[in-house]
Amino acid sequence: MRPLDEKETTQVFEKLFKFTGNNLKNIVESPSHEGPDSNPGRYCFRLNKNRVYYVSESLVKRATNIKRDNLVSLGTLIGKFTKNGSFHLTIQCLNLLAANAKHKVWLKPTSEMSVLYGNNVLKGGLGRITENINMGDGVVVFSMSDVPLAFGVAARSTQDCRKMEPNAIVVIIQADIGAYLRMEDEL
């Protein structure tokens, strides 16, 4: 378990910024409320076996007593670095993204199951969409009752969505909460 180097930090922050925008500072500067310490500190990012974790500083101090080989997980898994060095967010960071999302999409109840099975969001399944979404922006997908379901990349801008046909793709899903069931051995 080690801190991220400068290149790794840049990659992680660029990916998080895509989804949170200026709300990234809320993630970075968030005070920790975990642990028995009266002043547990802040949250930080740590790397263990090519996986990036969002963890409180007080928990990191306690984890120093465990050998690196024996440490399986610590805090919230944000994402992982692939063998070629690129960074991918994982579904475990959905709650963190949802709380700080810049762009949001809400689904009609009839299309929620389609997304949970791993399909992309279609225009016919949109309930609401935030303004000023551009193509390629990071988007968090919610149910109409504000439960975060997935995150992905906008395939069309907000303006284009109004003119599209019902079966056109609006959001390309990168990860959804149905992944817990589809890939439980890998997670």
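Residues numbered from 1 in each chain as written. Predicted model: local features only at pLDDT ≥ 70, side-chain atom pairs only at ≥ 80, totals over all residues. Heavy atoms only, no water.

A look at the nonpolar core
So, step 1. In terms of nonpolar packing, the biggest core is built from 27 residues, with Phe45, Val52, Ile78, Leu89 and Phe151 touching the most fellow members.
So, step 2. Taken together, the elements giving at least two residues each to this core come down to α1 (6–20), α2 (24–28), β2 (43–48), β3 (51–56), β4 (76–81), β5 (87–89), α4 (94–99) and β9 (138–143).
So, step 3. Looking at which element gives the most residues to this core, the answer is α4, with 4 residues.
So, step 4. Split by domain, this core shows at least three residues from each of two domains, domain 1 (2–96) and domain 2 (103–182).
So, step 5. Residues within four places of phenylalanine 151 in sequence aside, it is in contact with Phe19, Leu89, Thr90, Ile91, Cys93, Leu94, Leu97, Val139, Val140, Ile173, Gln174 and Ala175.
So, step 6. Within the second largest apolar cluster, 18 residues are counted, among which are Val105, Val139, Val141 and Val170. (Core = buried A, V, L, I, M, F, W, Y, C linked by side-chain atoms within 4.5 Å. Buried < 20%, exposed > 50% of the residue type's maximum accessible area, 1.4 Å probe, protein only. Helix = DSSP H or I, 4+ residues; strand = E, 2+ residues; numbered from the N terminus. Domains from an automatic or database assignment. Contact = heavy atoms within 4.5 Å.)

A short note on the packing of aromatic side chains
So, step 1. Taken as a whole, this structure holds 6 aromatic pairs when the rule is applied.
So, step 2. On the basis of an interplanar angle of 45 degrees and a centroid distance of 5.3 Å, the ring pair of phenylalanine 45 and tyrosine 54 is categorised as tilted.
So, step 3. Judged by relative accessible area, tyrosine 54 falls into the buried class, the value being 7%.
So, step 4. Taken together, the ring pairs in this structure connect Phe13, Tyr43, Phe45 and Tyr54 into an aromatic cluster.
So, step 5. Sitting over the face of the ring of tryptophan 106, arginine 128 holds its NZ or CZ atom 4.1 Å from the ring centroid. (Phe/Tyr/Trp six-rings, centres within 6.5 Å; stacked < 30°, edge-to-face > 60°. Lys NZ or Arg CZ within 6 Å of the ring centre and 35° of its normal.)

Side note on the side chain of histidine 103
So, step 1. Within the fold, histidine 103 resides in the loop between α4 and β6 (104–107).
So, step 2. Reaching out from histidine 103, the side chain makes a polar contact with the side chain of aspartate 137 at a distance of 3.3 Å. (Polar contact = N/O pair within 3.5 Å; in protein donor to acceptor, adjacent residues only side chain to side chain.)

Structural notes on the UniProt feature "domain: PUA" (unreviewed entry) in the protein chain
So, step 1. Mapped onto this numbering, the UniProt entry annotates "domain: PUA" (unreviewed entry) at residues 103–178.
So, step 2. Between the end C-alpha atoms of residues 103–178 there is a gap of 21 Å, over a span that is 14% helix and 41% strand. (UniProt positions renumbered as here; feature names shortened; annotations may be inferred.)

With respect to the state of the cysteines
So, step 1. Scanning the entire structure with this criterion turns up 0 disulfides.
So, step 2. In this model cysteine 44 remains outside any disulfide bridge; the closest cysteine sulfur is found in cysteine 93, 16 Å from its own.
So, step 3. Its relative accessible area of 11% is what places cysteine 44 among the buried residues.
So, step 4. Assessed through its relative accessible area of 1%, cysteine 93 is described here as buried. (Disulfide = S-S within 2.5 Å.)

Remarks on the sheet that holds β3
Consider a sheet: its strands pair through backbone hydrogen bonds, and that pairing is either parallel or antiparallel.
So, step 1. Taken together, the 5 strands give an open sheet; going across it, the order is β1-β2-β3-β4-β5, and neighbouring strands pair in antiparallel fashion. Each edge of the open sheet carries a strand with a single partner, namely β1 (2–3) and β5.
So, step 2. Relative to β2, β1 runs antiparallel, the two sharing 2 bridges. Across the sheet, residue proline 3 finds its bridge partner in β2, namely arginine 46.
So, step 3. Across the sheet, α1 lies against β1, β2, β3, β4 and β5, angled at about 40 degrees from β5, the strand it touches most. (Pairing = 2+ DSSP bridges. Axes fitted to C-alpha atoms, helices over the stretch in contact; angles between N-to-C directions.)

Quick word on the side chain of arginine 46
So, step 1. Within the element layout of this structure, arginine 46 appears in strand β2.
So, step 2. Setting aside anything within four residues of it in sequence, one finds arginine 46 in contact with Met1, Arg2, Pro3, Leu4, Arg51, Val52, Tyr53, Val55 and Val60.

A word on the environment of valine 60
So, step 1. Looking at where valine 60 falls in the secondary structure, it is placed in helix α3 (residues 57–63).
So, step 2. Taking the C-alpha atoms as reference, valine 60 lies 40 Å from proline 109; in sequence the two are 49 residues apart.
So, step 3. The residues touching valine 60, leaving out its near neighbours within four places in the chain, are Cys44, Arg46, Val55 and Leu74.

Comments concerning the sheet that holds β9
So, step 1. Taking strand neighbours across the sheet as the criterion, the 6 strands line up as β7-β11-β10-β9-β6-β8 in an open arrangement whose pairing is mixed. Only two strands of the sheet have a single partner each, and these edge strands are β7 (121–122) and β8 (126–129).
So, step 2. Of the pairings in the sheet, the one linking β6 to β9 comprises 4 bridges and is parallel in character. Bridging from a neighbouring strand, valine 105 pairs with valine 141 of β9.

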